[in-house]
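# Report on the structure
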Amino acid sequence: MAVVDQKAAPFTAAGNRLDAAGAASRTDYLVLWLGLLSVLYNGILAFINHNIMPLSLTHVAASEGLIMASAIIYILHKGIYETDLPAFLFLLFTLVVTIYVSVLNRMLFIDHFRNVLIIFCFTGLGGWSNERTMKLVFRWASLVVMIFLIFEIVSVPFYVSIVHPSDYFANTRGLLPLSYNTTGLFQNALGFPERFSFGIIDHRSSSIFLEQVSLANFCGVIAVYLISMWERLGRWDRLLMISTAVLILVTNDTRTMLIFCFACIVGYFVFPKIPKNFNLALMPLIVAAGFLVYVLKPNATGDNFTGRINLTMKKIMELDPLAILGLSVDRVAEFADSGYVYLIYAATIFGVIALWLFVCLFPAGRTAAQRRCAHSLSLFIFLNMMIGGTAVFSMKIAGLLWFVVGYMRFHDNPRIRQGRPTNVLS
């Protein structure tokens, strides 16, 4: 592998402009399919599981591995440039932390490395994507999500006959359906009477994601895409994205993404005026706000906004001191619903700091659109980690989220094909 010094690499400006213009007008089909598969692979596997042959967790892991391996091969074929080093070094640091945690706990624990590898793969794919390919990925992903969401709204039995979420999670995750769940839906999507709802359907929608949390977060990814690319999108793309997001919001009963989407509408006008480095203060501010909620309503519980915040704050204050140094990784499964605590147990305090710095500093901030992308990304991740768990790190969500971030980092300052590169690192 070679790291290319862009300053030292000679090139012919006129020829490169022609090459760049030609590349921008072509669809990169490998990037297109990898982007789409990151969203759709679970739905495809569920169809196979229900209609062709039973699958297991091995098939899911192999599918994710194949997608990431293809992305890595593509990125290495293109080359690692100086501007790619932050993502590469973040991955390398995470590998060191993973080895450290695995050795100390005498068990192989790669969950956090997998999460960061997804970030590395899709920032790389997004960085090399042209605008046409980027738009096609989101257009087709949103269209499939909308079609399956309509199926689910109109006829649950028909939706279940295609993907049968309950069977899929039973076979691949060992999550057997509860006795009262005869719908074929994932049991957590059934909701309960006291939960916030628009009352359009009698459960929380899941669409192609098969479970409700990923669909809710996909709405957030659409919001990040729209706020970043609004000025470059055509009328029909805008209509498709907005329609998909609204349909998710009114059927998924997601309070967090409803708040986030309204924040993005305001942020479209406000974010360009805020320096990108303000993001460094956002995570501490959100945690401080969570602590304030806990102080004002210490007895709040349940599946509501204050209840979820209090749950996270209680777990932060009850942190095992050894966990901060990575010595209690065997307890990480207890914190799947509290993102900050999960991350500390999985990656040590050093991994948390590395993720915080990467989320805040990696996105570009030169243009208004880039600052919209940077601020919405930080708000999406740090807010989610306060009231949720690991969903924002799954490939179904993190894939296209970081694809946008990678694209926006380079879209007004693209890498261009150069002459013989100078090897900085071999």
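Residues numbered from 1 in each chain as written. Predicted model: local features only at pLDDT ≥ 70, side-chain atom pairs only at ≥ 80, totals over all residues. Heavy atoms only, no water.

## A word on helix α4 (residues 85–105)
To be explicit about the condition: Helical segments are the DSSP runs of H or I of at least four residues, strand segments are the runs of E of at least two, and each set is numbered from the N terminus. Helix span, expected: 1.5 Å multiplied by one less than the number of residues in the helix. We call a residue buried when its accessible area falls under 20% of the maximum for its residue type, exposed when it is over 50%, and partly exposed in between, using a 1.4 Å probe and counting protein chains only. Only heavy atoms matter for contacts: two residues are in contact if any of them lie within 4.5 Å across the pair.
With 21 residues, α4 should reach 30 Å at 1.5 Å per residue; the first-to-last C-alpha distance of 30 Å fits that figure. Within α4 the residues assigned to the buried category are A87, F88, F90, L91, T94, V97, T98, V101, S102 and N105. As for α4, its buried residues are in contact with α5 (111–128) and α15 (339–361). Backbone geometry just downstream of α4 places R106 in the positive-phi region, at approximately 55°.

## Thoughts on the side chain of N49
Among the structural elements, N49 can be located in helix α2 (residues 29–51). Judged by its relative accessible area of 7%, N49 is buried. Not counting residues within four places of it along the chain, the set of residues in contact with N49 comprises P54, L55, D167, Y168 and N171.

## Concerning the pattern of salt bridges
Our working rule: Any carboxyl oxygen of Asp or Glu within 4 Å of a side-chain nitrogen of Lys or Arg constitutes a salt bridge here.
Taken as a whole and assessed by the stated rule, the structure comprises six salt bridges. Across the salt bridge formed by D237 and R139, the nearest N and O atoms sit 2.8 Å from each other. Taken together, the positions of D237 in helix α10 (residues 235–252) and R139 in helix α6 (residues 131–154) put the pair 98 residues apart, joining distant regions of the chain. Taking relative accessible area as the criterion, D237 reaches 7% and is therefore assigned buried. Residue R139 is classed as partly exposed on the basis of its relative accessible area, which comes to 31%. Across the salt bridge formed by R372 and E231, the nearest N and O atoms sit 3.7 Å from each other.

## Regarding the confidence of the model for the protein chain
Under the convention used in this document: Per-residue confidence from the predictor is reported as pLDDT, which spans 0 to 100.
Considering every residue of the protein chain, the mean pLDDT works out to 86; 88% of them sit at 70 or more. This stretch, residues 1–22, has a pLDDT under 50; its non-local contacts, to residues over four places away or in other chains, come to 50 contacts. A low-confidence stretch, residues 417–426 (pLDDT under 50), is modelled with 28 contacts involving residues beyond four sequence positions or located in other chains.

## Examining the nonpolar core
Quick note on the threshold: For this analysis, a nonpolar core means a set of buried residues of the types Ala, Val, Leu, Ile, Met, Phe, Trp, Tyr and Cys, connected via side-chain atoms within 4.5 Å.
Ranked by size, the top nonpolar core spans 127 residues in total, and within it F218, F382 and W402 carry the most contacts. When residues of this core are assigned to their parent elements, the largest contribution, 14 residues, is made by α15. Other than its neighbours up to four places away in sequence, F218 contacts V39, A141, S142, V145, F209, I248, I397 and L400.

## Examining a nonpolar patch on the surface
How we decide: What makes a patch is a set of residues exposed beyond 30% relative accessible area and free of salt bridges, joined within 9 Å when like-charged and within 5 Å when nonpolar (Val, Leu, Ile, Met, Phe, Trp, Tyr). The protein chains shown are the only cover counted for residues, whose accessible areas, like all others here, come from Shrake-Rupley with a 1.4 Å probe.
Side chains of F93, Y100, L104, L322, I324, L325, L327 and F350 sit close together on the surface and give an oily, nonpolar patch of about 660 Å² of accessible area. Listing elements by their share of the nonpolar patch, those giving two or more residues are α4 and α14 (321–324). The leading source of residues in the nonpolar patch is α4, at three residues. Within the secondary structure layout, L327 lies in the loop between α14 and α15. We classify L327 as partly exposed; its relative accessible area is 34%.

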